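Fold and geometry: a report
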Amino acid sequence: MTYVEPLSREAITDPEMRELMAQGEALGVPDDLFPRIVARAPEQAKPFMRALLFSHAEGNVDHRLKEIIRILLARFAGDEYFAALRSRKAREMGLTEERIEAGCGDYEDSDAFTEAEKCALRYADQMYLDATKVDAAFYAELKKHYSEAQIMELGAFIAFHYGMQMFMRSLGATAPRSPA
Amino acid sequence: MRYSELMATDPDAIDAAFFDALREHYSEEQIVELGLFIGFNLGYHTFFGTLKFYPMFSPDGRLITQAESEQIYGAAPASLRSSEATK
């Protein structure tokens, strides 16, 4: 149980919000808990759900890489809820639990990741661990592997998801009983 | 303000009693709105900080270039400097 009680599914009647909730459930991230909580602030709920879904599942950065980053961040945030969720799309694209664990662990010494992937993982890792390391030299390194648009996509994705993970942690959200 | 500070620095201190205290002043809708706003800003301000950009306006309200803004505001945004000065 979260400190703010989620609305029942039936209480969410706005068609667009119901559609966004269905999109989240189809993807697996978020399940219905996050939208049922944010729906308590109806004017905020839809833009936040849109941003959560779009930043994760759309864009020009590999969705599987974003999924690893999302889980890495959730663990760092201490957010059991988002850390337990899994993207069905990423799984269908071939992302395994083994690779997620490798990405959330000692990825620097792993042969499983390209230098570009390691750089993106480092971006997320350092952002909230020691942001002073994300400096001009770090961005120059990122630019060897990613376009400016991809770097902004990654940075915005990292910032938004980490923020929502901290929000869910503050509500005492825990892992769903049956992870997707 | 306590909610924002704790979410960033000590989320374990946010418990049911804390939310009961929030409910003395805010509706459930306002609490969710606040939480989303704080989480959003918590994530984005760190990201923006790494991009090293400066305010678009001078203290007297002129639209200025980033080069001029850096000269005015120095190595860190004025908002961060004033925050540090008050500690």
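Scroll up to find the structure.
Presented here is an overview of the structure given in this document. (Residues numbered from 1 in each chain as written. Chains lettered and ligands numbered in written order. Predicted model: local features only at pLDDT ≥ 70, side-chain atom pairs only at ≥ 80, totals over all residues.)

With that out of the way, let us pick up the overall build of chain B. Of the regular secondary structure elements, chain B holds five helices and zero strands. Going from N to C terminus, chain B has its helices and strands arranged as α-α-α-α-α. Per-residue burial for chain B yields a buried fraction of 17% across its 87 residues. (Helix = DSSP H or I, 4+ residues; strand = E, 2+ residues; numbered from the N terminus. Buried ≥ 20, exposed ≤ 12 C-beta atoms within 10 Å, placed from the backbone.)

What follows covers the interface of chain A and chain B. Counting from both sides, the interface comprises 25 residues of chain A and, opposite them, 21 residues of chain B. Tallying contributions element by element places helix H10 (residues 148-170) of chain A first for the side of chain A that touches chain B, with 11 residues. Of the residues in the side of chain A that touches chain B, the class split is 18 nonpolar, five polar and two charged. (Contact = placed C-beta atoms within 7 Å. Nonpolar A, V, L, I, M, F, W, Y, C, P; charged D, E, K, R; others polar.)

Along its 24 residues, helix H3 (residues 28-51) of chain B runs 35 Å from first to last C-alpha, staying within 8% of the 34 Å computed at 1.5 Å per residue. On its buried side, H3 of chain B packs onto helix H2 (33-38), helix H3 (42-57), helix H8 (115-127) and H10 of chain A together with helix H1 (2-9) and helix H2 (16-23) of chain B. Residue Lys-52 of chain B follows H3 of chain B closely and has a positive phi angle near 50°. (Expected span 1.5 Å × (residues − 1).)

The next point concerns the nonpolar core. Val-38, Ile-69, Leu-73, Tyr-123, Ala-124, Ile-158 and Met-168 of chain A are the most contacted members of the largest nonpolar core, which has 59 residues in total. Residues within four places of Leu-73 of chain A in sequence aside, it is in contact with Ala-124, Ile-158, His-161, Tyr-162 and Gln-165 of chain A. (Core = buried A, V, L, I, M, F, W, Y, C linked by C-beta atoms within 7 Å.)

Take the environment of Gly-155 of chain A next. By the element assignment, Gly-155 of chain A lies in helix H10. Gly-155 of chain A sits 15 residues away from Ser-170 of chain A along the chain, and the two C-alpha atoms are 23 Å apart.

Residue and element names in this part refer to chain A. Relative to the elements of secondary structure, Met-49 occurs in helix H3. The sequence separation of Met-49 and Pro-30 amounts to 19 residues, and the corresponding C-alpha distance is 8.9 Å. Each residue touching Met-49, except ones within four places of it in the same chain, is listed here: Leu-20, Gly-24, Pro-35 and Val-38.

Turning to helix H1 (residues 15-27) of chain A, a few remarks are in order. Think of an α-helix as turning once every 3.6 residues; residues three or four places apart then point the same way. All names here are of chain A. With 13 residues, H1 should reach 18 Å at 1.5 Å per residue; the first-to-last C-alpha distance of 18 Å fits that figure. For H1, the complete set of buried residues consists of Leu-20, Met-21, Gly-24 and Leu-27. Take H1 and look down its axis: the buried residues cluster within an arc of 125°, on one side only. Of the residues in H1, the exposed ones pointing more than 90 degrees away from the buried face are Pro-15, Glu-19, Ala-22 and Ala-26. (Arc of directions from axis to C-beta.)

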